[in-house]
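# An overview of the molecular structure
Chain by chain, the residues:
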Amino acid sequence: MQILITHGTLAKTRVLSFNRLQLAAALVFLMVVLMGLSGTIYHAVFLKAAREGWPVVSQVVRLVVRDEFAQRDRFMRENLDAMAQKVGEMQAKLVRLEAMGERVSGLAGVKPEELRQLVEPAPVKGGGQGGPFVPAKSSSMQQLNDLVSSLDASAEQSSDLFTLVESRLFERRLSSLMVPNSRPLNGPIGSGFGFRSDPFTGRAALHTGLDFPADSGTAIMAAAGGVVRSTDYHPAYGNLLEVDHGNGLVTRYAHTSKILVKAGDLVKRGQVVAEVGTTGRSTGPHLHFEVMVEGVQQDPAKFLAGKGAVPTQQADATPAKSH
């Protein structure tokens, strides 16, 4: 494209040549300038007219703003309704969780009332009631906040309840682990708890435990978890191991050839703690096993019954290896 410029004062006619790229750049520049001018006019004239309330412009602005506010309000209302639905679902799940918590707490021996320091007032039964009927409206933001706070408090209460239930169940598990209901060694019982003929004197005497005949060196296992109380030598019991299981419960392992733990050690159920021997007042290698509650010997078979039937009296089985 060429542009001819002619003037009376010029000796020659000027010729300006533009290619397509230059023309496109000029067109874009012109459009930018026009857009800037349009924006300036809008801010300077239209907004000023809207602020000062010019008749036509103010009505147009009012319609635009009203429509925008209506769209925002509709959007917020839809979101609030969706949130209210989600909160309702959460509330239903918490109700089911609370019911399940009460059932589980009952099985664990915990009453939910132990956690309820504030009792909600019960509705008054009887009496007149009335008032105008006002249909419920969609939930407001404040109502949703109140409902979420209530759900949070219920969740905390349920969490506390399950924590207490877990603690009680853990206590029960610990108690079961501390009860000597595991056999100290695998094998038959030679002599049970009760009166029998003493192997040394032949007279009737009380046998205060169970005898497990076995070869010397056979591993002896702890009947339950506990703390080693003593590993002393006793004239009648020989090498005697005592394990304290708490709550006044103690087990004894007598006539051992070797004790593998020392006083103060923690032992677990099934842990090898000693070896069979024939030390002390004994006629042959065997384990004399006792269970004491508050210092009084009990029939160990009653405790071992939980792990399989154990005869309570077998005085005549192998009297030569009894204590």
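Above this text is the structure in question.
Anyway, here's the lowdown on the structure attached to this text. What you are looking at is a predicted structure, and each value in this text was computed from that prediction instead of being measured.

This next bit is on the overall build of the chain. A tally of regular secondary structure across the chain gives 4 helices and 15 strands. Residues counted as buried form 26% of the 323 residues belonging to the chain. Sequence separation of 24 or more characterises 65% of the internal contacts of the chain that already satisfy a separation of 6 or more. As displayed, the chain offers around 21,400 Å² of accessible surface, 60% of which is attributable to carbon and sulfur atoms.

Further remarks concern the pairing of strand S4 (residues 204–207). With 4 bridges connecting them, strand S3 (residues 194–197) and S4 associate as antiparallel partners. Note on S4: the bridge partner recorded for Ser 197 is Ala 204. The antiparallel pairing of S3 with S4 creates a hairpin that spans 6 residues between the two strands, and Gly 202 there sits at a positive phi of about 80 degrees.

Glancing now at a nonpolar patch on the surface. Judged by side-chain polarity, Leu 27, Phe 29, Leu 30, Met 31, Val 33, Leu 34, Leu 37, Ile 41 and Val 45 come together as a nonpolar surface patch covering roughly 870 Å² of accessible area. A residue is classified by how much of its surface remains accessible, and Val 45, at 41% relative accessible area, is partly exposed.

With that out of the way, let us pick up the sheet that holds strand S6 (residues 219–221). Spatial strand order, S6-S13-S11: 3 strands in an open sheet with antiparallel pairing. This sheet does not close on itself; its edge strands, each paired only once, are S6 and strand S11 (258–259). When S6 meets strand S13 (residues 272–275), the two strands line up antiparallel, connected through 3 bridges. What sits directly across from Met 221, in S13, is Val 272.

Looking at where Arg 252 falls in the secondary structure, it is placed in strand S10 (residues 249–256). The exposure class of Arg 252 is buried, given its relative accessible area of 14%. Only 2.8 Å separates the side chain of Arg 252 from the side chain of Glu 242, close enough to count as a polar contact.

Using the criterion set out here, one finds 6 salt bridges in the structure. One salt bridge connects Glu 242 with Arg 229, and the closest N-O pair in it is separated by 3.0 Å. Within this pair, whereas Glu 242 is found in strand S9 (residues 238–246), its partner Arg 229 is found in strand S7 (residues 226–230), the two being separated by 13 residues in sequence. Using a relative accessible area of 8% as the deciding quantity, one classes Glu 242 as buried. On the accessibility criterion, Arg 229 (43% relative accessible area) is partly exposed. Glu 290 is paired through a salt bridge with Arg 252; the nearest N and O atoms lie 3.3 Å apart. Taken together, the residues span a long stretch of sequence, with Glu 290 in strand S14 (residues 286–293) and Arg 252 in strand S10 at a distance of 38 residues. Counted as one network, the salt bridges with shared partners bring together Arg 229, Glu 242, Arg 252 and Glu 290.

The biggest cluster of nonpolar side chains holds 22 residues, and the ones touching the most others in it are Phe 212, Tyr 253 and Phe 289. Put simply, the parts of the chain that give this core at least two residues each are strand S5 (210–213), S9, S10, S13 and S14. Counting residues per element, this core draws most heavily on S14, which supplies 3 residues. Discounting residues that sit within four places of it in the chain, Phe 289 has contacts with Pro 184, Gly 209, Leu 210, Phe 212, Ala 223, Thr 251, Arg 252, Tyr 253, Pro 300 and Leu 304.

Sheet analysis places S11 next to S13, joined by 2 bridges and oriented antiparallel. Of the residues in S13, the one forming a bridge with Lys 258 is Glu 275.

Of note in the backbone geometry, Asn 247 takes a positive phi value of approximately 55 degrees without being a glycine. Residue classification places Asn 247 among the exposed residues on the basis of a relative accessible area of 76%. Look at His 255: it is not a glycine, yet its phi comes out positive at around 65 degrees. Considering the arrangement of structural elements, one finds His 255 in strand S10. Given a relative accessible area of 0%, His 255 falls into the buried group.

With respect to the element layout, Ser 182 can be found in the loop between helix H3 (141–177) and S3. In this structure the side chain of Ser 182 is engaged in a polar contact, spanning 2.8 Å, whose partner is the side chain of Arg 269.

Moving on, we get to the environment of His 234. Within the secondary structure, His 234 is located in strand S8 (residues 233–234). For His 234, a relative accessible area of 33% translates into the label partly exposed. When the C-alpha atoms of His 234 and His 255 are compared, they prove to be 9.0 Å apart, with 21 residues separating the residues in sequence.

Rules of the game
Residues numbered from 1 in each chain as written. Predicted model: local features only at pLDDT ≥ 70, side-chain atom pairs only at ≥ 80, totals over all residues. Heavy atoms only, no water. Helix = DSSP H or I, 4+ residues; strand = E, 2+ residues; numbered from the N terminus. Buried < 20%, exposed > 50% of the residue type's maximum accessible area, 1.4 Å probe, protein only. Contact = heavy atoms within 4.5 Å. Areas by Shrake-Rupley, 256 points an atom, 1.4 Å probe, with all protein chains shown as cover. Pairing = 2+ DSSP bridges. Patch = residues over 30% accessible without salt bridge, like charges linked within 9 Å, V, L, I, M, F, W, Y side chains within 5 Å. Salt bridge = Lys/Arg side-chain N within 4 Å of Asp/Glu carboxyl O. Polar contact = N/O pair within 3.5 Å; in protein donor to acceptor, adjacent residues only side chain to side chain. Core = buried A, V, L, I, M, F, W, Y, C linked by side-chain atoms within 4.5 Å.

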